[in-house]
Amino acid sequence: PRNAATASGGGLDRAARARASAGRGGADTEGAGRVAEGSGVSAGRRRAPLLFGQTGWSLPFVFCLYAYQGLVAGFALTALPNHHAGLGAPASEVAWHAVLVGLPWVLQPAWGPLVDRFGDFRMGRRRFWAVAAFAGSLAALLLLFAVADAPGELGRTSPVLAAHSAFACLLDTAVDGMIIDRV
């Protein structure tokens, strides 16, 4: 007996062949992935993975997060120590600032197991950590308004920027994990 597809002389279309091949456990025409119906992607081409489930803004958003981390780290570890040294802060205080602000980046690998182990939240395994870390880093930066800019005040600025560095490291770890999951 002939079915409607073969009766019309056209045979099975590409999507039907791909579904049939996937159902039999055989290799499909897309290689490692399947193409959704109506996606406009030909059956011979694999669709690129999305970073955060959205199109268009994912890559610029990730770029902005990394730029944000780099700008603040550059300010905290380069510009601010030079500024305070120019104002006459002792070298030991400037060195202590650099150690305190840089320490979270040395300890960054410790965030990985935490983010990977405790991340099954409704908004995504790592997205919760990224949002919480970004909020924490912004809150730490807002605390800088309460700290006076004087040569003797680097000791008050350092813990605030160290807290920001800890949140920025967590943000970096979560975003890196999200990228690795999607690529």
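Check the entry above for the structure.
The residue count restarts for each chain, going from 1 along the sequence in the order it is written. Totals for whole chains, interfaces and linings use all residues, but because this is a predicted model, local features are given only for residues with pLDDT of at least 70 and pairs of side-chain atoms are given and counted only at 80 or more. By convention in this description, side-chain values take in all heavy atoms of the structure and omit both hydrogens and water.

Enquirer: Please give an account of the side chain of H97 that cites residues and values.
Expert: Assignment of secondary structure puts H97 in helix α4 (residues 91–106). The term polar contact refers here to a pair of N or O atoms within 3.5 Å; inside protein, the definition further demands a hydrogen-donor-capable atom paired with an acceptor-capable atom, and it admits residues adjacent in sequence only when both atoms are side-chain atoms. Within the local environment of H97, its side chain forms a polar contact with the side chain of S158, the two groups lying 2.6 Å apart. Residue contacts for H97: discarding those within four places in its chain leaves A76, L80, P81, L154, S158 and L161. Numbering goes from the N terminus for both helices and strands, where a helix is a DSSP run of H or I of at least four residues and a strand is a run of E of at least two. Contacts were defined at the residue level, with two residues in contact if any of their heavy atoms lie within 4.5 Å.

Enquirer: How would you explain the packing of helix α3 (residues 58–86) against α4 if you had to name every residue and give the values?
Expert: One can describe the packing of α3 onto α4 by two numbers: an axis separation of 9 Å at closest approach and a directional angle of 170°. Between α3 and α4, the crossing angle belongs to the class labelled roughly antiparallel. Where α3 abuts α4, its residues Q69, A76, L77, L80, P81 and A85 lie against V94, H97, A98, V101, G102 and W105. Residue classes in the contact of α3 with α4 are distributed as nine nonpolar, three polar and no charged. Note on method: axes are straight lines fitted to C-alpha atoms, helices fitted across the in-contact stretch only, with angles between N-to-C directions ranging 0 to 180 degrees. For classification purposes, an angle smaller than 35 degrees is called roughly parallel, one larger than 145 roughly antiparallel, one from 65 to 115 roughly perpendicular, and anything else oblique. Each residue receives one of three labels: charged for Asp, Glu, Lys and Arg, nonpolar for Ala, Val, Leu, Ile, Met, Phe, Trp, Tyr, Cys and Pro, and polar for the others, Gly being one of them.

Enquirer: Residue-level account of a nonpolar patch on the surface, with values.
Expert: Residues forming no salt bridge and having over 30% relative accessible area are the ones grouped into patches, like charges within 9 Å of each other and nonpolar side chains (Val, Leu, Ile, Met, Phe, Trp, Tyr) within 5 Å. In these tables, accessible area is a Shrake-Rupley quantity obtained with a 1.4 Å probe, and a residue counts as shielded only by the protein chains included in the view. By salt bridge we mean one thing: a side-chain nitrogen of Lys or Arg within 4 Å of a carboxyl oxygen of Asp or Glu. Taken together, the side chains of L103, V106 and L107 present a nonpolar region at the surface, about 290 Å² in accessible area. Mapped onto the elements of the fold, V106 is located in helix α4. Each residue's exposure class comes from its accessible area (1.4 Å probe, protein chains only) as a fraction of the maximum for that residue type: buried when under 20%, exposed when over 50%, partly exposed otherwise. Overall, V106 belongs to the exposed group, its relative accessible area being 59%.

Enquirer: Which residues make up the side chain of T157, and what are the values?
Expert: Note that T157 resides in helix α7 (residues 154–182). We classify T157 as buried; its relative accessible area is 7%. Excluding anything up to four places from it in sequence, T157 contacts L80, L144 and V147.

Enquirer: Give me the lowdown on empty space enclosed by the protein, citing residues and values where you can.
Expert: Only protein atoms enter the calculation, which uses a 1 Å grid: trapped sets of points that fit a 1.4 Å probe without letting it out are cavities, open sets showing protein on both sides within 12 Å along at least five of seven lines are pockets, and any residue with an atom within 4 Å of a point is a lining residue. Grid points are joined across faces, edges and corners, and a volume is the space filled by probe spheres set on the points. Across all of its chains, the model carries one cavity of 30 Å³ or more by this definition. What the largest cavity holds in volume is close to 40 Å³. Lining the largest cavity, in full, are V72, A73, A76, L77, V101, W105, H164, S165 and A168. Put simply, the parts of the chain that give the lining of the largest cavity at least two residues each are α3, α4 and α7. At four residues, the largest contribution of residues to the lining of the largest cavity is made by α3.

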